[in-house]
Amino acid sequence: MRERDVEKILVDEVRRLGGRAYKWTSPGNAGVPDRIVIMPGHQPVFVELKADGGVLSALQQVQIKRLKELGQPVEVVRGVSGLKKFFENYGYPDTALEVAARFR
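Conventions used here
Residues numbered from 1 in each chain as written. Predicted model: local features only at pLDDT ≥ 70, side-chain atom pairs only at ≥ 80, totals over all residues. Heavy atoms only, no water. Helix = DSSP H or I, 4+ residues; strand = E, 2+ residues; numbered from the N terminus. Expected span 1.5 Å × (residues − 1). Buried < 20%, exposed > 50% of the residue type's maximum accessible area, 1.4 Å probe, protein only. Contact = heavy atoms within 4.5 Å. Pairing = 2+ DSSP bridges. Core = buried A, V, L, I, M, F, W, Y, C linked by side-chain atoms within 4.5 Å. Axes fitted to C-alpha atoms, helices over the stretch in contact; angles between N-to-C directions.

### With respect to helix α1 (residues 3-16)
Taking 1.5 Å as the rise per residue, α1 with 14 residues should run 20 Å; its terminal C-alpha atoms sit 20 Å apart, in good agreement. Those residues of α1 not exposed but buried are V6, E7, I9, L10, V11, E13 and V14. Check the buried side of α1 and you find it contacts β1 (20-23), β2 (35-38), β3 (45-50), β4 (74-78), α3 (79-89) and α4 (93-102). Looking one or two residues beyond α1, the residue adopting positive phi is G18, at roughly 95°.

Below you can see the structure in the form of structure tokens.
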């Protein structure tokens, strides 16, 4: 599955759950995570999306490290298995199972 497909699933499912997955572009700061996800009752989380087996660039690693040093949550989501884990970790086990079943 391509990265843009993983991103579309994330955005659609977050919206379905009442949250938002804002696209993040930061001029002059290449390598920032793809999305800022805000779910009801949770603090915002930065999400970098990758295809299965996708690798972080050196610049992405630096940006993720900077955000974590500032105490911000950052998740790297790889493929459908990563989406499943993301939704499980944030308290949406039914969504995790649905995603895993629909997008094998």
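Let's pick the thread back up.
### Examining the pairing of β2
Two strands pair when backbone bridges link them, and β1 and β2 are joined in this way by 4 bridges, in the antiparallel orientation. In the strand pairing of β2, K23 is matched with R35. As defined by bridge partners, β2 adjoins β3 across 3 bridges and the pair is classed as antiparallel. Within β3, the residue paired with R35 across the bridge is V47. Hairpin connection, β2 to β3: the antiparallel pair is bridged by 6 residues, and G41 has positive phi, about 80°.

### Side note on the nonpolar core
In this structure, L10, V37, V47, L83, F86 and F87 are the most contacted members of the largest nonpolar core, which totals 20 residues. Secondary-structure elements contributing two or more residues to this core are α1, β3, α3 and α4. Counting residues per element, this core draws most heavily on α1, at 5 residues. If we ignore the near neighbours within four places in the chain, the residues touching V37 are L10, V14, R20, A21, Q43, P44, V45, V47 and F86.

### A look at the sheet that holds β3
Read from one edge of the open sheet, 4 strands run β1-β2-β3-β4, paired in mixed fashion. The sheet is open, and its two borders are formed by β1 and β4, each paired with just one other strand. Averaged over all pairs of adjacent strands, the angle between strand axes in this sheet comes to 30°, irrespective of strand direction. The strands touched by α1 are β1, β2, β3 and β4; relative to β3, the strand with the most contacts, the crossing angle is about 145°. α3 contacts β2, β3 and β4 of the sheet and is inclined by roughly 140° relative to β4.

### Brief notes about the environment of P40
Locating P40 in the fold gives a position in the loop between β2 and β3. Separated by 35 residues in the primary sequence, P40 and E75 place their C-alpha atoms 17 Å from one another. When near neighbours in sequence (up to four residues on either side) are disregarded, P40 contacts L17, G18, G19 and Y92.

Scope: geometric values only; no functional claims are made or implied.
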